[in-house]
Amino acid sequence: MTTRPTSPTRRKLVATAALSLAASLATLAPALSWAQAAWPNKAVRIVVPYAPGGANDILARVLAEKLTPVLGQPVLVENKPGAGAMVGSDFVAKAAPDGYTLLMAASGPMVFNPVLVAKLPYNPLTDLAPISIVGSFPLILAVNESSSAKTFKDLVALTKVSPDKSNYSYPAASFQLIMELVKARSGLKALNVPYQGSAPSINAVLTQEVQMTLIDSGPIAALVKSGKLRALAVTSEQRLASYAQVPTLKEQGIDLAVNLWSGLLAPTGTPEPILKRLQEEVARIMALPDVAERMAKLDIRPLGTSSADMGKTMASEIQLWSQVAKDNNIQAK
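Procedures and definitions
- Residues numbered from 1 in each chain as written.
- Predicted model: local features only at pLDDT ≥ 70, side-chain atom pairs only at ≥ 80, totals over all residues.
- Heavy atoms only, no water.
- Pairing = 2+ DSSP bridges.
- Helix = DSSP H or I, 4+ residues; strand = E, 2+ residues; numbered from the N terminus.
- Contact = heavy atoms within 4.5 Å.
- Axes fitted to C-alpha atoms, helices over the stretch in contact; angles between N-to-C directions.
- Parallel < 35°, antiparallel > 145°, perpendicular 65-115°, else oblique.
- Left-handed = near helix turned anticlockwise from the far one by under 90°.
- Nonpolar A, V, L, I, M, F, W, Y, C, P; charged D, E, K, R; others polar.
- Core = buried A, V, L, I, M, F, W, Y, C linked by side-chain atoms within 4.5 Å.
- Buried < 20%, exposed > 50% of the residue type's maximum accessible area, 1.4 Å probe, protein only.
- 1 Å grid on protein atoms, 1.4 Å probe; cavity = no way out; pocket = protein on both sides within 12 Å on 5 of 7 lines; lining within 4 Å.
- Points joined across faces, edges and corners; volume = space filled by probe spheres on them.
- pLDDT = per-residue confidence, 0-100.
- Polar contact = N/O pair within 3.5 Å; in protein donor to acceptor, adjacent residues only side chain to side chain.
- Salt bridge = Lys/Arg side-chain N within 4 Å of Asp/Glu carboxyl O.

A. Highlighting the sheet that holds strand S10 (residues 260-267). Pairing within the open sheet is mixed, and its six strands lie in the order S2-S1-S3-S10-S4-S11. Edge positions in the sheet fall to strand S2 (75-79) and strand S11 (301-302), since each has one partner strand and no second. Bridge analysis of strand S1 (residues 44-48) against strand S3 (residues 101-106) gives three bridges, and the strand direction is parallel. In the strand pairing of S3, Ile-46 is matched with Leu-102. Helix H3 (residues 86-93) rests against S1, S3, strand S4 (128-137) and S10 of the sheet, and its axis sits at about 145° to S3.

And the structure:
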């Protein structure tokens, strides 16, 4: 057999093909590495940037319970409250994008903090990858049972008498911005007092450290039913079945209706197959009859949106609340 010498042109073509193949393999390496790793092969943690007890924490624990058997690994909830949910949110934004550290964040740190915090340590639109909006919920304005305010109108009149002695508790920046909008549209006078989580915020009203609170409905349902707290208004479009006696703000002449939401996110750069798997599992879990029943008792609407829809919601709501802050002269601090 005779061997023909390789021409310079042929050698160049072979070298080019080899380089192209090497580049393709390098591009595929992360995906191949992920596939070989068989995620998850260890515990997954869902970070909640609030103290235990609120709707966000409850939703995280529902997901953790339901995800554990289908993923075949423990799914743990870790509460990291602080700085208006910035501590936990920033922790996840800077975590390794490997699918083992997730964030269950309410709309507060995702769409309200960018409006209210001048130097936010993370960018929710670029540092975090949306997975799914898990559920949405309205807020309740409540006072201590000893308050002389029997209606929202009574409360407005009461705060105008001694505005410097009137204050309200709230667990996150989102609640503050909504409350400030309520104040602007109703004439209510009250200073804001932040607390790290729903439970401390509610306790502040129970112990009369503050006169009122704006809070998600689930954590105060038993307290309202027992008469320890008095609910004066709900922020939803319509009355809630579990708070049928409580009128909406709109019913009381305040042109405002708003719901908050909680969603699951991961650090940007998390492999797409992991994000897709989690989104599909969230949608499946939130459609389960037993989950729907649990959510109904807490006045949480179960969702399970697509990742794309969650991303669009975050971007549009940041724009919306930025305009609200501008219109009401609420400055980022």
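B. Summary view of the packing of helix H2 (residues 55-71) against helix H10 (residues 289-297). At a closest axis distance of 12 Å, the pairing of H2 and H10 adopts a crossing angle of 165°. Compared by their axis directions, H2 and H10 come out roughly antiparallel. Crossing handedness for the pair H2 and H10: right-handed. Within the contact between the two elements, H2 uses Leu-59, Val-62, Glu-65 and Lys-66 and H10 uses Asp-290, Val-291, Arg-294 and Met-295. Residue composition of the contact of H2 with H10, grouped by class: four nonpolar, no polar and four charged.

C. Spotlight on the sheet that holds strand S7 (residues 191-194). The five strands are arranged S7-S6-S8-S5-S9 in an open sheet whose pairing can be described as mixed. Both outer strands of the open sheet, S7 and strand S9 (229-234), are each paired with one neighbouring strand and no more. Here the average twist between neighbouring strands, direction ignored, is 30°. Pairing analysis gives two bridges linking strand S6 (residues 167-170) to strand S8 (residues 212-216), with the strands arranged parallel. Paired with Tyr-168 across the strands is Met-212, a residue of S8.

D. How the structure looks around the nonpolar core. The biggest cluster of nonpolar side chains holds 89 residues, and the ones touching the most others in it are Leu-63, Met-104, Met-110, Met-212, Leu-264, Met-286 and Trp-321. It is H2 that provides the largest number of residues to this core, a total of eight residues. Among all residues touching Met-110, those that are not within four sequence positions of it are Ser-89, Leu-103, Ala-105, Tyr-122, Pro-124, Leu-128, Trp-261, Leu-265, Met-314 and Ile-318. Core analysis: the next-biggest nonpolar cluster, separate from the first, contains 17 residues, Ala-142, Ala-204, Val-205 and Leu-240 among them.

E. View of the layout of surface pockets. As a volume, the largest pocket reaches approximately 520 Å³. The wall of the largest pocket is formed by 29 residues, among which Leu-116, Tyr-170, Ala-173, Gln-176 and Asn-192 lie closest to the centre. For the lining of the largest pocket, the secondary-structure elements that each account for two or more residues are helix H4 (107-116), helix H6 (173-186) and S7. Looking at which element gives the most residues to the lining of the largest pocket, the answer is H6, with five residues. Here the lining of the largest pocket is built from residues that sort into 16 nonpolar, ten polar and three charged.

F. Geometry of the confidence of the model for the protein chain. Across the protein chain, the average pLDDT comes to 88, with 89% of residues at or above 70. Note on residues 1-6: pLDDT is under 50 here. Beyond four places in sequence and across chains, it has one contact.

G. Structural detail: the side chain of Lys-66. Its place among the elements puts Lys-66 in helix H2. Only 2.6 Å separates the side chain of Lys-66 from the side chain of Asp-290, close enough to count as a polar contact. When neighbours within four sequence positions are excluded, Lys-66 is seen to be in contact with Arg-284, Ile-285, Leu-288, Asp-290 and Val-291.

H. Looking closely at the pattern of salt bridges. Under the criterion given, the structure shown has twelve salt bridges. With its nearest N and O atoms 2.5 Å apart, the salt bridge here joins Lys-276 to Glu-280. Taken as a pair, Lys-276 and Glu-280 lie in helix H9 (residues 272-286) at a separation of four residues, close to a single helical turn. The class for Glu-280 is partly exposed, based on a relative accessible area of 39%. The partner of Glu-281 in a salt bridge is Arg-284, with the nearest N and O atoms 2.8 Å apart. With Glu-281 and Arg-284 both in helix H9 and three residues apart, this pair spans about one turn of that helix. Salt bridges sharing partners connect three or more residues here, namely Arg-45, Glu-78 and Lys-80.

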